[in-house]
Amino acid sequence: MFKGLGQLGDMAKMMKAAQDMQERMARLQDDLGRIVVTGEAGAGLVTASASARGELTGLSIDPSILVASEKVMVEDLILAAIKDAQARARTRAEQEQRRLLTEMGLPADMPLPPV
């Protein structure tokens, strides 16, 4: 009599699942903004902090290397520390995405839009 009503129920489940995933991804984005990772260079002489989104949040330079004759080395260390922090941020974001996908019963390597 009401052929196809089962399909409507399936569609409602799919829509709910899509909405749930969208909400969880939004929460993940918020969480990534609060997670801080630290990169370093020169055995810790320069450290850079970034959110797991890759946004630089801090930079620390050991004053012992702030010598005019070492300007190029200091610049290189700063860049290296920032790149290390950004790489760690990407890694952490990927870990958090895999965790979320696994919790949702989806394949951990399912491609998602970049964070």
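Presented here is a report on the structure given in the accompanying data block. Quantities reported herein were computed from a predicted structural model and do not represent experimental measurements. Sequence order as written defines the numbering, with residues in each chain counted from 1. The predicted nature of this model means local features are confined to residues of pLDDT at least 70 and side-chain atom pairs, given and counted, to a pLDDT of 80 or more, with totals for whole chains, interfaces and linings taken over all residues. Side-chain metrics in this entry use all non-hydrogen atoms of the structure; hydrogen atoms and water are not considered.

Here we take up the overall build of the protein. Scanning the protein from terminus to terminus reveals two helices and three strands. Labels follow the DSSP assignment, with helices taken as runs of H or I lasting at least four residues and strands as runs of E lasting at least two, numbered in each case from the N terminus. Secondary structure elements in the protein, listed N-terminal to C-terminal, are α-β-β-β-α. If you line up the protein on its principal axes, its C-alpha atoms span 85 × 20 × 20 Å. Any residue under 20% of the maximum accessible area for its type is buried, any over 50% is exposed, and the rest in between are partly exposed; the area is computed with a 1.4 Å probe on protein chains only. When the 115 residues of the protein are sorted by exposure, 24% land in the buried category. The contact rule is simple, with two residues in contact once any of their heavy atoms fall within 4.5 Å. Of the contacts formed within the protein by residues at least 6 apart in sequence, a portion of 45% connects residues at least 24 apart. Within the structure as shown, the protein displays about 7900 Å² of accessible surface, and the carbon and sulfur contribution to it stands at 58%. Note on areas: Shrake-Rupley with a 1.4 Å probe; residue coverage comes only from the protein chains shown.

With that settled, consider the sheet that holds strand 3 (residues 56-61). An order of 1-2-3 is seen for the three strands of this open sheet, with the pairing classed as antiparallel. Only two strands of the sheet have a single neighbouring strand rather than two, namely strand 1 (36-41) and strand 3. Geometrically, the sheet is characterised by an average inter-axis angle of 15° between neighbouring strands, direction not taken into account. The convention used is that axes are lines fitted to C-alpha atoms, helices contributing only their stretch in contact, and that angles between N-to-C directions extend from 0 to 180 degrees. Of the strands in this sheet, strand 1, strand 2 (46-51) and strand 3 touch helix 2 (residues 71-103), which is tilted by about 145° from strand 1. The criterion for strand pairing is that DSSP finds at least two bridges linking the strands in question.

Residues belong to a common nonpolar core when they are buried Ala, Val, Leu, Ile, Met, Phe, Trp, Tyr or Cys residues joined through side-chain atoms within 4.5 Å. Judged by nonpolar contacts, the single largest core of 13 residues is most densely connected at Val46, Ala48, Ile65, Leu77, Ile78 and Ala81. Contributing elements (two or more residues each) for this core: strand 1, strand 2 and helix 2. Per-element accounting of this core gives the leading share, seven residues, to helix 2. Ignoring any residue separated from it by four or fewer positions in sequence, one finds alanine 48 in contact with Val37, Thr38, Gly39, Leu56, Gly58, Leu59, Ala81, Ile82 and Ala85. In this structure, Met21, Met25, Leu32 and Ala93 belong to the second largest nonpolar core, which totals nine residues.

Distances and angles like these do not, on their own, reveal function.
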